[in-house]
Structures are given as C-alpha cells and as structure tokens.
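Chain by chain, the residues run as shown.
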Amino acid sequence: MCLTFRTLAVEALREKTVERSATEADAFGTRRLRDAEAQFDRAADQLELGTGLREYLRQPRRSLEVAVPVQLESGEVRTFAGFRVQHSLTRGPAKGGLRYQPMASLDETKALAMGMTWKCALVNIPYGGGKGAVRCTPGSLTEAELERITRRYASEIAPLIGPGRDILAPDIGTGAREMAWVLDTYAAMMGGSFGSPVTGRPVVVGGSRARRTATGRGVAEVARIAARHLQLSPPVRVAVAGFGEVGRSAAEDLASDSSFLIVGASDISGGRLDPHGLDIDVLSACSKSGGPLIEAETGEAVPLDAVLEASCDVLVPAAVAGVVNDLNADSIRADVIVEGANAPTTHAAEEILLANGVVVVPDTLANAGGVIASYYESVQEANGLPLSEQEMVERVGRRLDTACSPVIGLATERGISWRDAATCIGVERVAEAHLARGLYP
Ligand code: NAD
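The rules behind the values
The residue numbers shown here count from 1 along each chain, following its written sequence. Two thresholds apply to this predicted model, a pLDDT of at least 70 for residue-level local features and 80 or more for giving and counting side-chain atom pairs, whereas whole-chain, interface and lining totals are computed over all residues. The side-chain figures draw on all heavy atoms in the structure; neither hydrogens nor water molecules are used. Helix and strand definitions here come from DSSP, where helices need a minimum of 4 consecutive H or I residues and strands a minimum of 2 consecutive E residues; each element is numbered from the N-terminal end. Only C-alpha atoms enter the radius of gyration; for comparison, a globular chain is expected to reach 2.2 Å times N to the power 0.38, where N is the number of residues. Think of it in three bands: with a 1.4 Å probe and only protein chains considered, a residue is buried below 20% of the maximum accessible area for its type, exposed above 50%, and partly exposed in between. Note that accessible areas follow from Shrake-Rupley with a 1.4 Å probe, and for residues the cover is restricted to the protein chains shown. Think of it this way: Lys and Arg go in the positive column, Asp and Glu in the negative one, and His and the chain ends go nowhere. A charged residue contributes its charge at one atom only: NZ of Lys, CZ of Arg, CG of Asp or CD of Glu. Note on geometry: axes are lines fitted to C-alpha atoms, helical ones only across the stretch in contact, with angles between N-to-C directions running from 0 to 180 degrees. Crossings are sorted by hand: turned counterclockwise from the far helix by less than a right angle, the near helix makes the crossing left-handed, and turned clockwise it makes it right-handed. It only takes one pair of heavy atoms within 4.5 Å for two residues to be counted as in contact. Under the scheme applied, nonpolar residues are Ala, Val, Leu, Ile, Met, Phe, Trp, Tyr, Cys and Pro; charged residues are Asp, Glu, Lys and Arg; polar residues are all the others, including Gly. Strands are labelled as partners when DSSP assigns at least two bridges between them. In this analysis, rings of Phe, Tyr and Trp, with Trp reduced to its six-membered ring, are considered paired at centre separations within 6.5 Å, and the interplanar angle assigns stacked below 30 degrees, edge-to-face beyond 60, and tilted for intermediate values.

The helix and strand inventory of the protein chain stands at 14 helices and twelve strands. The C-alpha radius of gyration computed for the protein chain amounts to 21 Å, which stays within 12% of the reference 22 Å derived for 441 residues, consistent with globular compactness. Dimensions along the principal axes, computed over C-alpha positions, put the protein chain at roughly 70 × 60 × 45 Å. Within the protein chain, buried positions represent 54% of all 441 residues. Of the accessible surface of the protein chain, which amounts to about 19100 Å², a share of 53% is contributed by carbon and sulfur atoms. Here the protein chain contributes 45 positively and 56 negatively charged side chains, and the mean placements of these two sets differ by 5 Å.

This paragraph deals with the packing of helix α13 (residues 389-414) against helix α14 (residues 418-437). Remark: α13 packs on α14, axes separated minimally by 8 Å, with the N-to-C direction vectors making an angle of 120°. Remark: the crossing between α13 and α14 carries right-handed chirality. On the side of α13, the interface is formed by Pro 406, Val 407, Ile 408, Leu 410 and Ala 411, while α14 contributes Trp 418, Ala 421, Ala 422, Cys 424 and Ile 425. Here the contact of α13 with α14 is composed, by residue class, of ten nonpolar, no polar and no charged.

By the secondary structure assignment, Glu 37 is in helix α1 (residues 2-47). Residue Glu 37 is classed as buried on the basis of its relative accessible area, which comes to 15%. Those residues in contact with Glu 37, other than ones at most four positions away along the chain, are Arg 58 and Met 114.

Okay, the sheet that holds strand β5 (residues 166-170) next. Spatial ordering of the open sheet is given by β1-β2-β4-β3-β5, a layout of five strands whose pairing is mixed. Strand pairing shows two members of the sheet lacking a second neighbour, β1 (62-71) and β5, which therefore form its edges. Geometrically, the sheet is characterised by an average inter-axis angle of 20° between neighbouring strands, direction not taken into account. One ladder, built from five bridges, connects strand β3 (residues 94-100) with β5; its direction is parallel. Opposite Ala 94, over in β5, you have Asp 166 as the bridge partner. Helix α4 (residues 143-157) rests against β1, β2 (77-88), β3, β4 (129-134) and β5 of the sheet, and its axis sits at about 145° to β1.

Enumeration over the complete set of coordinates arrives at three aromatic pairs. Pairing Tyr 127 with Tyr 375 gives two aromatic rings, centres 6.0 Å apart and planes at 90°, and the pair type is edge-to-face. Highlighted residues: Tyr 127 in the loop between α3 (106-122) and β4 and Tyr 375 in helix α12 (residues 369-383), separated in sequence by 248 residues. For Tyr 375, a relative accessible area of 18% corresponds to the buried category.

Here we come to the pairing of strand β8 (residues 270-273). The alternating pattern of β8 places Gly 270 and Arg 272 and Gly 271 and Leu 273 on opposite faces, both of which are buried. As judged from the four bridges shared by strand β7 (residues 260-267) and β8, these two strands associate in the antiparallel manner. What sits directly across from Ala 265, in β8, is Arg 272. As consecutive antiparallel partners, β7 and β8 are separated by two residues. Pairing geometry for β8 and strand β9 (residues 300-302), over three bridges, is antiparallel. Across the sheet, Gly 271 pairs through a bridge with Val 302, a residue of β9.

Don't take any of this as a statement about function, it's just geometry.
Structure representation (structure tokens):
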C-alpha cells in the first residue's frame, strides 16, 4: 500500500515536472516567435509591403504536430511531442534542420522555420524555409531509443517531406546518424530510392565530407569579413560561447589564422579563459571526446557568463537561443557578435547592444554556411557528380562573401542594423518570387 502510494507520488511528481517543462518550453517558444515576427514586421515596414503580402509571408504554409510514441529499453512506452513546420515553399522546397531538445515547441519551430526562409533567400539558394523538432533530452536516451524516436518521427512526417517538398538537415542534438535513419525510413515507406529527404547524411550514403564543419567554417569566414569591415586590429580576440559542432569548427578555423586568437570558450559545463590565447588542440580534443570543457587543461576555469562577458573583440554565441539577453547585454564587451547559433540574441538585448555601438552579425548570414553546403550536397546528388571537400568549402565561402556585401551596403546606406538589412534582402527576394508566381487558385 505504502509502496503503491510512493510509486504514485513519484509518478505524479515526474508528470508534474514534465508538464511544467512543457509549459516553460511553450512559453519560451512563443517569445521566440514574437521576436521573429517583430523582426519580419520591421523588414516589411522598411520594404513598405502591403497588408495582404505581409500576412501571406508571415504565416507558415504548414505546421504539423505529431505524437512520437516509443518503447524505451525499460519496456515503458513514452510519447514525445514532434513538430515539422514548412514556413515557405515559394523559392523551392522547405529546408531546415531537425533538433532534439527539451525546450522544443511548435512556436519555436515556427520561428526557426521563418528564419530559414529569409536565410535561404539571403544566400540565394533555391529553397524555402522549414524546421523540425522533437521535445526530448538526447543525452538521457540510448542509441536504440534515439533510433526508434527518429524512425517513428520520420514515418509520421513522411507524407510531407522528400526532395522537391521538404528536406531535413542536422541541428542541435542530431547529426549524420539521425539523417541516415530518416533517409532509410523514408525510402522504406516509399518503397524505393527517390532522392533524399535529408542533407548532412553520412558520406557513404551521398553526404559530403565538408558538411559537418561547413556551418562553423562559414561563421569563421563571416567573422573575418566583419573584422575586416570594422578594421579590428590583429590579433582579433574571439570568445566562443558554445563549443559544439558549430562553435568548435569556427574556433578551429579562426585559430588557424594568425590574425585571430581564441581567448574564451564554453560549453554547458562552464568556460575557459586566457587573454593570451587558449590552446585550441586541447579544447578540441576535450570537446570531441565529449567534454566537459570546464576540465580542458588550458587557461582558467570560469562560469558560463564570464565567457559571454569576456574582454574580446568578437563574441561567437554558438549554443542555444536567448543566451544574450536584456540581463547581460550591457555587460558584453565585444565590438561585434557573430551569431553562430540560431537566435542567440533576444530583440531586447540587440537594442541595448546597438545603443552601445556593438555590431550584431545575424544568424541568417553568420551560420548560413551549413545550409549552403546542404544545397551543394543536393546539387552533387542531382548531377551524380561528387564535389571534393575543397571544392565544397570554396563554393560555400564564395557564396557567403557574395551574400555579405549587400547586407553591409544596405545597413550602411540606410543606417539600419545588419539584421534588419539581412532580413530586408531575404524578405524582398521571397516577396518578388511570390509576386512572380501569383496566387493559387
Ligand atoms: P551542438 O549540440 O553540437 O553544440 C551545442 C553546444 O552548446 C554544446 O557544446 C553545449 O554544451 C553547448 N551549450 C548549451 N547550452 C550552453 C550555454 N548556455 N552556454 C554555453 N554553451 C552551451 O549543436 P550545434 O550543431 O553546434 O548547433 C549550435 C547552434 O548552431 C544551434 O543554435 C543550431 O541551431 C545552430 N546551427 C547549427 C547548424 C549545424 O549545421 N549544426 C547550422 C545552422 C545553425
């Protein structure tokens, strides 16, 4: 009796925790969506878009919420919440990552899908915008459980995805392994190989060696362009907040350039600081072996905030959304923030940063290297002609260079932020494509 009561109490507590975190995730996602919509509205005002066009571009074309029931290794059946949003299909198939995160929500997925639309248009690749997510904590699940989640999620969204419709890619908590499971599930359901519903696949099934590091290398390339434009004197001191796939690749790339010095780095465990430069090999080895970075034997161990607020020229937030917010924006000492992560800077924080003269290079430009590499992965598949890693890296770099100039030009000409300029360019291209195609029926 007592045991039953205790079991019920534990169950109730766990349910309450799950419920509370779901409510928190939803509230966080709604704030993210409001920020994304406000960002769009500013661009729409600049472009003087009419009400009808504005409403059309603001709404996602499709939002799908799915239940992902999975039997865990304990025998227990858990049902995870999954989402896939196609914000725009105007310039091509929806394109966007799949993330596994406890804070995932439908509204956040909508915000991220909208961001993908402007990003793909900004770097001029023939895609719309999409995003997917499963609300789960990958670190607490076994490989077999993650495979079941991925396959069940893929089967639930299968009618909507595929080449020409919607193409997934890795994001937080997912990688080439998950993309291979999605590809395999999709092919099994369709009864054949009809092109890939994912990019960022393993190289043995049509992926590219350049894809894994492409986002981080792109962040490094954009940081170099921004540093040149702002005439920052070398060595340019860089702090990287979030030393995962994106942050590590960006740091490794910049550390190989004698004009840059990595003075700060952090992951979820904490950070390391050294004003004379951290040892990148030590940081990378630690991160590749699963961290925690707080134990990497280079520089001084510090709390997370110390890396965000480090004395540096360039801050690269490359972890999660909202880490630069109204509580810490005034303490940021960098001259420029290069957004490796999606939406690491809240709107309220950006207003403070801009007033303090900090340049914010928006995610739509700074981390677009990944989606550009994804595009070339699809191109090589369509042509049946693989590109070498070097060819891929050069093409991504060239496309990013091309995308930066108009953003800097428009920001300078109109006296607006780089983010507003980038959003204006993206929104304008999607609006033009929509007007050229007209409205069905
Ligand atoms: P990842 O899971 O490989 O790495 C995330 C890292 O951030 C981990 O090291 C984690 O410990 C750390 N972290 C989490 N919270 C933190 C915090 N509060 N402070 C400091 N560090 C923290 O993820 P990733 O693939 O590197 O993606 C990072 C970001 O880049 C995400 O916002 C993602 O949407 C964005 N992004 C990724 C890609 C890609 O190709 N992987 C492409 C475009 C954008």
